[in-house]
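Geometric and topological summary
Spelled out, the chains give:
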Amino acid sequence: MKAANSILSGYGTTVFEVMSQLAIEHQSINLGQGFPDGNGPDDVRQAAHDALENAPNQYPPMMGVPELRQAVAEHGKRFYGLEVDWASEVMVTSGATEALAACILGLLEPGDEAVLIEPLYDCYLPMIRRAGATPKLVRVKPPHWDLPREELAAAFSARTKLVLLNSPMNPAGKVFSRQELMVLAELAEEHDCYVICDEAYEHLVFDGLEHLPLMTLPGMRQRALKIGSAGKTFAMTGWKVGYVTAAPEILATVARAHQFLVFTTPPNLQRAVAYGLTKEDAYFAALGSELAAKRDLMRDGLSRIGFEAMDCQGTYFINADFRGLGFTGSDEDFCRHITVEAGVTAVPVSAFYAADGVDYLARFCFCKEDALLEEAIDRLARHFG
Ligand code: PMP
Ligand code: GLN
């Protein structure tokens, strides 16, 4: 047989799937892959049920059902003061994952460069490379993950077509500050490029911090593509419903990719998400405050055992330095070790780098029932004695 595509065949199975399978095999508490252990809000699930029974189940419009596109536009106005024309500036996708793919495939071509911030979410690099573009990586470093202004500026060139920004950032748990975003915005303007903003965790922000879409900064309304994820906002990660907001000409290009990737997304889920996005402010506020309490529980538990738990300003994840426990292997070894020997699974942070990444941090997912988090801490405490 002739060789398959050399870029994709060079990647293994994603770390999330590998660790989840390992967790199943060893019946460990899975704090690896990021998903809540609840089943999402009853009323949003009921809305999906009602739509499944009472609304059409045939192909919805390629851009998404109007009620969801309207709801995304209204959500942008309510939370960020964005003025968005739902008909020309919002598209529904099959999760943030497909939104990312459509943005990347729609905008990039061979010869282009894309600036990315490492550590990065797993699908960014393969998709950028598959689009034929060259990634230019800039690292933010633990424990504070500050954006290095000069290194960032040096990553730009006349070929830079786009920047991919993830805030709140997986796996760092970092929320980019206004100042950092201003630096990025200036560079994007100077080099005339697009900015794909993966804001999957937009409502999962803690300690009174504010998530600021780059799109709200001066000059960015015409350059930024804002991506959201219903899976995260409604705590049902299996619901692959995402949305892109961008200026009409940009969105039209991204829609060309979307129409050939998936064309559309299940209509009942779209209608339920439309309902969900109109929920009261208290719903959205509680997402952050409830998760922050779980973060505290996890951070305090890990610290008591001897981990050095990093700050976490948002997302589902907290990183912990395990070197103080006397473990001398890599982060991959460590995550396997605790799965098999302690009955708790985490994800190695080195998986979020192209090569030679930080290899002494384990990422723990804390969007779980308190009792489960406590049990995981007990197991780790017993193991590390
Ligand atoms: N971006 C980031 C940073 C993520 O962590 C995830 C995973 N949840 C996604 C995108 C994908 O989101 P979705 O499940 O909506 O495709
Ligand atoms: N975003 C999730 C995480 O970081 C995983 C999503 C997936 O498994 N593809 O854990």
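Refer to the structure presented above.
Predicted, not measured: the structure shown is a model, and the values here were computed from it. (Residues numbered from 1 in each chain as written. Chains lettered and ligands numbered in written order. Predicted model: local features only at pLDDT ≥ 70, side-chain atom pairs only at ≥ 80, totals over all residues. Heavy atoms only, no water.)

1. Focus on the site of ligand 2
- In the region of ligand 2, the neighbouring residues are Phe 16, Gln 33, Gly 34, Tyr 121, Asn 170, Tyr 201, Phe 317 and Arg 363.
- Between ligand 2 and Tyr 121 there is a distance of 3.4 Å, counted from a nitrogen atom to a side-chain nitrogen or oxygen.
- Arg 363 places a side-chain nitrogen or oxygen 2.7 Å from an oxygen atom of ligand 2.
- Surface burial for ligand 2 is 79%, taken as the share of its 300 Å² of free accessible area covered by protein chains.
- The cavity where ligand 2 resides is the largest pocket.
- The residue inventory of the shell around ligand 2, partitioned by class, reads four nonpolar, three polar and one charged. (Near = heavy atom within 4 Å. Polar contact = N/O pair within 3.5 Å; in protein donor to acceptor, adjacent residues only side chain to side chain. Areas by Shrake-Rupley, 256 points an atom, 1.4 Å probe, with all protein chains shown as cover. 1 Å grid on protein atoms, 1.4 Å probe; cavity = no way out; pocket = protein on both sides within 12 Å on 5 of 7 lines; lining within 4 Å. Sits in = over half its atoms within 2 Å of the grid points. Nonpolar A, V, L, I, M, F, W, Y, C, P; charged D, E, K, R; others polar.)

2. Considering the side chain of Thr 345
- Summarising the element assignment, Thr 345 is placed in strand S11 (residues 344–345).
- On the basis of relative accessibility, which here comes to 0%, the residue Thr 345 falls in the buried class.
- Residues contacting Thr 345, with those up to four places away along its chain left out, are Met 19, Ala 23, Ser 28, Ile 29, Asn 30, Leu 31, Gly 32 and Thr 339. (Helix = DSSP H or I, 4+ residues; strand = E, 2+ residues; numbered from the N terminus. Buried < 20%, exposed > 50% of the residue type's maximum accessible area, 1.4 Å probe, protein only. Contact = heavy atoms within 4.5 Å.)

3. Notes on the sheet that holds strand S12 (residues 347–348)
- Here we have four strands laid out as an open sheet, ordered S9-S10-S13-S12, and antiparallel in their pairing. Each end of this open sheet is capped by a strand with a single partner; those strands are strand S9 (308–309) and S12.
- In the sheet, strand S10 (residues 317–321) pairs with strand S13 (residues 361–365) via five bridges, with the strands oriented antiparallel. Residue Phe 317 lies in a different strand from S13, and its bridge partner there is Cys 365. (Pairing = 2+ DSSP bridges.)

4. Notes on the sheet that holds strand S8 (residues 242–245)
- Reading across the sheet, the seven strands line up as S2-S8-S7-S6-S5-S3-S4 and stay open at both edges, with mixed pairing between neighbours. A single partner strand is all that each edge strand has here, and the edge strands are strand S2 (90–93) and strand S4 (134–139). Across the sheet, the axes of successive neighbouring strands diverge by a mean angle of 20°, strand direction being ignored.
- In the sheet, strand S5 (residues 160–166) pairs with strand S6 (residues 194–198) via five bridges, with the strands oriented parallel. Bridge assignment links Leu 165 to a residue of S6, and that residue is Cys 197.
- Strand contacts of helix H6 (residues 95–107): S2, S5, S6, strand S7 (224–229) and S8, with the helix running at about 160° to S7, the strand carrying the most contacts. (Axes fitted to C-alpha atoms, helices over the stretch in contact; angles between N-to-C directions.)

5. With respect to empty space enclosed by the protein
- The final tally for this structure, using the stated rule, is three cavities of 30 Å³ or more.
- Its volume calculated, the largest cavity comes out at about 70 Å³.
- In this structure, the largest cavity is lined by Val 72, His 75, Gly 76, Leu 82, Val 84, Glu 202, Lys 226, Gly 228, Tyr 243 and Thr 245.
- Residue assignment for the lining of the largest cavity shows that the elements contributing at least two residues are helix H4 (66–80), S7 and S8.
- Ranked by residues supplied to the lining of the largest cavity, first place goes to H4 with three residues. (Points joined across faces, edges and corners; volume = space filled by probe spheres on them.)

In short, the description is geometric, and any link to function would need to be established separately.
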